[in-house]
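Secondary and tertiary structure notes
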2 protein chains.
Amino acid sequence: MKPIMLQFDHSGKTPLYIQLYRYLKEEITCGRMEAGEKLPSLRRLSRDLSISITTTEQAYNQLLVEGYITSRPQSGYYVASIVGSGVYSSADPAAAYDFSTYTFPDSSYKYDLSCFDFIKWKKCMSRVLTDYSHMLLFESDPQGEPALRYEISKYVYSSRGVTCRPDQIVVGAGTQQLTTHLCRIMKRMDIGHVATEDPGYLPVQNIFRDHGFAITKIPVADDGIRIEKLPTNIPSAVYVSPSNQFPTGSVMPVGRRYQLLEWARENNSFILEDDYDSELRYFGKPVPALQGLDSGSRVVYLGSFSSTLFPAIKISYMVLPPALTELWQSMKSDYTQTCSKTEQLTLALFMEDGLYYTNIKKLRSLYAQKLQTAQAAFARYGSGFATPTNTSSGINIILKVRTRKDPALLCEAAASIGISVLPAASLTDQDTAALIFYYNQIPLDEMEESIRQMIELWQE
Amino acid sequence: MKPIMLQFDHSGKTPLYIQLYRYLKEEITCGRMEAGEKLPSLRRLSRDLSISITTTEQAYNQLLVEGYITSRPQSGYYVASIVGSGVYSSADPAAAYDFSTYTFPDSSYKYDLSCFDFIKWKKCMSRVLTDYSHMLLFESDPQGEPALRYEISKYVYSSRGVTCRPDQIVVGAGTQQLTTHLCRIMKRMDIGHVATEDPGYLPVQNIFRDHGFAITKIPVADDGIRIEKLPTNIPSAVYVSPSNQFPTGSVMPVGRRYQLLEWARENNSFILEDDYDSELRYFGKPVPALQGLDSGSRVVYLGSFSSTLFPAIKISYMVLPPALTELWQSMKSDYTQTCSKTEQLTLALFMEDGLYYTNIKKLRSLYAQKLQTAQAAFARYGSGFATPTNTSSGINIILKVRTRKDPALLCEAAASIGISVLPAASLTDQDTAALIFYYNQIPLDEMEESIRQMIELWQE
């Protein structure tokens, strides 16, 4: 056996047993100590290195746990057989990221902090973290916190005409997450076909695609999805946004809604109603949800808090009809909740205190002013060039811009002055670029000048 | 045309235009006003009802938006054709949940608030909601907040020997969510086979099953998964927990780790290393991660904060090898982030301030004491009957109980006195019930008495 030559660092920075463990590990890994070789006894090595037996034993134990050495009763410790250690070299730590600098960046986009009262939200969150912190020592219910589901069932009834019990509600971290659950439920029902709006909300279609669903894209007219083109004679589901179609903003009239319900009933199919921001209708009252017209068996209602609280909150919910509720209850323990329990409980308190309703009221008034200011600015600076459509609801305006420029370039130009604009490819043609303009993010007092600058850039 | 007989409620509770809108909607829905019927002009109806023209116009506009009436230029307003409204009656509001009572429930399980410093956490969260609230006006990066990924890359290097850059890290709301991403990545690589540990962590297997993967269950021995039984000649992935196998607690020795890496290299396959709570090793230092032995191309490393912060936090992360990082970057915009941005930023501050490291240190000391107290209690009250195994790491103890009782009954008995115990079916045989006992949730000063009571119940 080769002698163990180890100079301890006695500065106290690294425990002696760790130093000994690292030395022996390196000797074994690089092959200087060979498989089967006997190690010195605890007593012997401790004496040679002038350390305590406990220190040596701790080092040997760590090597034992990690498998670098083995022990044979009444015999001693031996180097284990480690094949392949020469081939693999751990990555160079120097290749790791430079840790010396990181700061929270400011946003390159305009934003409006008056859209949400973070102080009141913080108070509710503080209550959760002090008065209810014991609840955070347990995982959230896969279906969502009962307190929040209770508040949602009250809210959707009073504001959207949706009738349900809290046990029909499933909370998830965003519409994609809820759609994932729906895919699981539909697969159990042997439904493999989904129809979606064209143009429509793409993030949801990615989920259907990932789960292997056959997707039929159905064109959208001024009065919503073309019902006569929906699949018949096969059970399926149709994903619609009847109260504020994304991105066109069209509203499905009540007569068409009944036709859609009739289609679902006749074909043993389901309507997935995405009601993502219908609370935000500025002139007149919000259009009631389709779910409220149903006798409650064919419509899955989906709602979200991103537009009415703040965009980074990932809390969405769906209301299942009774039959699907039962199926979901039988399978929900297979899945963990993705939505933050702290934020779910915070939102429950925020709603209980009436602050959510106050916030929506404030947003309706603020966004109505922003919309009117934006419309006036487009009329003044972009008349005949950039025409806003869909200006009575939601957090964006669809702009039709008379240009042959690439819409992506227009979006880049807007981004360069901090304005968030996305291309609406399906509404774009040769002479007109269609764009989704997030007017809501721009502070009211910057609206006119921002639009003037944006149009100037586009006309260059 | 029938006369419009409407008694307004002038109390101010409901705007007049809403009252008129509701009245007309009801008349149309129940068929008292028929499709095609002409409505009175704005001027005429306003005069008849003694209300302003604006009020009447608001009511008509709402009916127009919702599709109950149509307007013809130069002619007036007409009742729309609504087929099917008779068939569907909206659900009875009385069937809705009784909203009169809801209170946050206390837990029926024991819990230990000394496990986590919610006051310090709250301070970090308050900083996010005041100093960085503007960041919450934008959605989180699908890959996770850069600030958090930066802190994680520092942490996994220093504490687990994992070398990576922040751009290799993906943050998600729990291991199931990250596994969902892995399924998407593997499908793009035409990998359709997964091997899992038996016994192993079931929630992850549900995700592989949902995505249509072929799953091979590989037995686990004392030194980890049986490598010789892994699939060969076909690209696949193996899901392992080498540093604290769930639920057996076994540690894969370094020699076997190199063999596993060799298997992955030879078969063009991947190792999914779940390192969920390996920081929590109480006697000696934690076993370094397998990822650190790899040259960085075959191992996906998965970590979680549930055991080291608090169970309700849903923040997990994975470290992708460079090739998978590139693939992920190309597809990530298809998906939204499920993990709370507020909590991600809070955790970044918590780690930056060194509080995370402090907390792990505190947990190591607290849980070591709890484990020793628990072991002593089992020796005193359950000798020869209930034997704890796997008592050097993690947040649970595997108990082997000599009984022919149904393990589910033992769990119920434990739950009746607030103790969380789950059956470990795969380790149970005719004469021995294997149970997963979450000792960490029980306050230290209640440990001995809780175990005494639990054993007494089991022996009844």
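Residues numbered from 1 in each chain as written. Chains lettered and ligands numbered in written order. Predicted model: local features only at pLDDT ≥ 70, side-chain atom pairs only at ≥ 80, totals over all residues. Heavy atoms only, no water.

Take the overall build of chain A next. Counting its secondary structure elements, chain A contains 13 helices and 14 strands. Dimensions of chain A, computed from the C-alpha atoms along their principal axes, are close to 90 × 55 × 50 Å. Put simply, chain A has 460 residues, and 58% of those count as buried. Excluding contacts between residues fewer than 6 apart, the proportion of contacts in chain A whose partners are at least 24 apart in sequence is 70%. (Helix = DSSP H or I, 4+ residues; strand = E, 2+ residues; numbered from the N terminus. Buried < 20%, exposed > 50% of the residue type's maximum accessible area, 1.4 Å probe, protein only. Contact = heavy atoms within 4.5 Å.)

Residues and elements named next belong to chain A. Taken as a whole, this structure holds 48 aromatic pairs over all chains when the rule is applied. With a centroid separation of 6.4 Å and an interplanar angle of 35°, the aromatic rings of Y301 and Y317 are classed as tilted. Residue Y301 is found in strand β9 (residues 299-304), and its partner Y317 is found in strand β10 (residues 316-319); the two are separated by 16 residues along the sequence. Judged by its relative accessible area of 1%, Y317 is buried. Stacked on the ring of Y78, the Lys or Arg R72 has its end atom at 3.6 Å from the ring centre. A cation over an aromatic ring shows up here: R298 above the ring of F270, its NZ or CZ 5.0 Å from the ring centre. (Phe/Tyr/Trp six-rings, centres within 6.5 Å; stacked < 30°, edge-to-face > 60°. Lys NZ or Arg CZ within 6 Å of the ring centre and 35° of its normal.)

Let us now look at helix α6 (residues 175-188) of chain A. Residues and elements named next belong to chain A. Taking 1.5 Å per residue, 14 residues should reach 20 Å; α6 reaches 20 Å between its end C-alpha atoms and fits that length. Within α6, 12 of the 14 residues are buried, leaving the element largely enclosed by the surrounding structure. Listing the buried residues of α6 in full gives T175, Q176, Q177, L178, T179, T180, H181, L182, C183, R184, I185 and M186. (Expected span 1.5 Å × (residues − 1).)

A few words on the confidence of the model for chain A. Detailed reading of the predicted model is not advised wherever pLDDT is low. All names here are of chain A. Averaged over every residue, the pLDDT of chain A is 91; the share at 70 or more is 95%. Within the model, pLDDT remains below 50 along residues 90-99, and this stretch shows 19 contacts once partners closer than five positions in the same chain are excluded. For this predicted complex, the interface confidence score (ipTM) comes to 0.90, while the overall pTM stands at 0.90. (pLDDT = per-residue confidence, 0-100.)

This part is about the relation of the copies chain A and chain B. Between the two copies, chain A and chain B, the superposition gives an RMSD of 0.1 Å; the rotation angle is 180° and the shift along the axis is 0.0 Å. Put plainly, the chains are arranged around a two-fold axis. A share of 100% of interface residues in chain A that are also interface residues in chain B marks the association as one of identical surfaces. (Least-squares fit on C-alpha atoms with pLDDT ≥ 70 in both.)

The next subject is the interface of chain A and chain B. On the side of chain B, 110 residues touch chain A, which itself brings 110 residues to the contact. Both sides together, the interface formed by chain A and chain B hides about 9400 Å², and carbon and sulfur atoms give 63% of it. Put simply, chain A and chain B have 6 salt bridges between them. Among the salt bridges present, the one from K314 of chain B reaches E139 of chain A, with a minimum N-O distance of 3.8 Å. Across the chain A-chain B interface, the total number found is 26 residue pairs in polar contact (both at pLDDT 80 or more). When contributions to the side of chain A that touches chain B are tallied by element, the ones reaching two or more residues are α1 (16-29), α3 (53-66), α4 (118-131), α5 (146-160), α6, α7 (202-210), α8 (254-266) and α10 (341-352) of chain A. (Buried area = accessible area lost by both parts, 1.4 Å probe. Salt bridge = Lys/Arg side-chain N within 4 Å of Asp/Glu carboxyl O. Polar contact = N/O pair within 3.5 Å; in protein donor to acceptor, adjacent residues only side chain to side chain.)

Glancing now at the sheet that holds strand β5 (residues 214-221) of chain B. Within a beta sheet, neighbouring strands are joined by backbone hydrogen bonds and run either parallel or antiparallel to one another. Residue and element names in this part refer to chain B. Strand order in the open sheet made by the 8 strands is β3-β10-β9-β8-β7-β4-β5-β6, with mixed pairing throughout. Bordering the open sheet on either side are β3 (169-172) and β6 (224-225), each of which pairs with just one other strand. Summarising the sheet, strand β7 (residues 236-240) and strand β8 (residues 270-274) pair through 4 bridges and their orientation is parallel. Bridged to A237 within β8 is F270. Contacts from helix α8 (residues 254-266) reach β6, β7, β8 and β9 (299-304) within the one sheet, and its direction differs from that of β8 by about 140°. (Pairing = 2+ DSSP bridges. Axes fitted to C-alpha atoms, helices over the stretch in contact; angles between N-to-C directions.)

All names here are of chain B. Bridging between strand β11 (residues 386-389) and strand β12 (residues 397-402) involves 4 bridges; their strand directions are antiparallel. Within β12, the residue paired with T389 across the bridge is I398. Of the pairings in the sheet, the one linking β12 to strand β14 (residues 432-437) comprises 6 bridges and is antiparallel in character. Counted as the bridge partner of I397 is F437 from β14.

Bringing the state of the cysteines into the picture now. A complete count under the given rule lists 0 disulfides over all chains for this structure. Between C115 of chain B, a cysteine without a disulfide, and C124 of chain B, which holds the nearest cysteine sulfur, the sulfur-to-sulfur distance is 19 Å. (Disulfide = S-S within 2.5 Å.)

All of the buried residues along helix α7 (residues 202-210) of chain B are V204, Q205, N206, I207, F208 and D210 of chain B. Looking one or two residues past α7 of chain B, G212 of chain B carries a phi angle of roughly 75°, positive in sign.

With an omega of 0°, the peptide bond between D198 of chain A and P199 of chain A qualifies as cis. The residue after F246 of chain A, namely P247 of chain A, is reached through a cis peptide bond having omega 0°. Tracing the backbone shows P247 of chain A in the loop between β7 (236-240) and α8. Look at N233 of chain B: it is not a glycine, yet its phi comes out positive at around 60°.

Our focus in this paragraph is empty space enclosed by the protein. Applying the stated criterion across every chain, the model contains 5 cavities of 30 Å³ or more. Computed from the structure, the largest cavity encloses a volume of approximately 160 Å³. Surrounding the largest cavity, 19 residues form its lining, Q177, T180 and T338 of chain A together with Q177 and T180 of chain B being those nearest its centre. In terms of residue class, the lining of the largest cavity is made up of 5 nonpolar, 12 polar and 2 charged. (1 Å grid on protein atoms, 1.4 Å probe; cavity = no way out; pocket = protein on both sides within 12 Å on 5 of 7 lines; lining within 4 Å. Points joined across faces, edges and corners; volume = space filled by probe spheres on them. Nonpolar A, V, L, I, M, F, W, Y, C, P; charged D, E, K, R; others polar.)

To continue, consider the domain arrangement of chain A. Residue and element names in this part refer to chain A. Along its sequence, chain A is organised into domain 1 (16-97), domain 2 (114-353) and domain 3 (365-459). Of note, the centres of domain 2 and domain 3, computed from C-alpha atoms alone, are 29 Å apart. Facing 14 residues of domain 2, the contacting portion of domain 3 comprises 20 residues. Surface buried jointly by domain 2 and domain 3 totals about 1300 Å² across both partners, of which 62% is contributed by carbon and sulfur atoms. A per-residue breakdown of the area domain 2 buries against domain 3 is headed by P247, Y282 and F283, which together make up 40% of the total. Put simply, domain 2 and domain 3 have 0 salt bridges between them. Seen at the junction of domain 2 and domain 3, the total is 5 residue pairs in polar contact (both at pLDDT 80 or more). For the side of domain 2 that touches domain 3, a count of residues per class yields 7 nonpolar, 5 polar and 2 charged. (Domains from an automatic or database assignment.)

Another aspect to go through is the environment of A80 of chain A. Residues and elements named next belong to chain A. Here A80 lies in the loop between β2 (76-79) and α4. For the pair A80 and A147, spaced 67 residues apart in sequence, the C-alpha separation works out to 56 Å. Not counting residues within four places of it along the chain, the set of residues in contact with A80 comprises A35, G67, Y68, I69 and T70.

With that settled, consider the side chain of T175 of chain A. Within the secondary structure layout, T175 of chain A lies in helix α6. If we ignore the near neighbours within four places in the chain, the residues touching T175 of chain A are V204, Y239, D274, L302 and S316 of chain A.

Residue and element names in this part refer to chain B. Across the interface, helix α4 (residues 118-131) lies against helix α10 (residues 341-352) with an axial gap of 8 Å and an inter-helix angle of 120°. The angle between α4 and α10 falls in the class oblique. Two packed elements cross with a definite hand, and for α4 against α10 that hand is right-handed. Of the residues in α10, those touching α4 at K120, W121, C124, M125, R127, V128 and L129 are T342, E343, L345, T346, L347, L349, F350 and E352. (Parallel < 35°, antiparallel > 145°, perpendicular 65-115°, else oblique. Left-handed = near helix turned anticlockwise from the far one by under 90°.)

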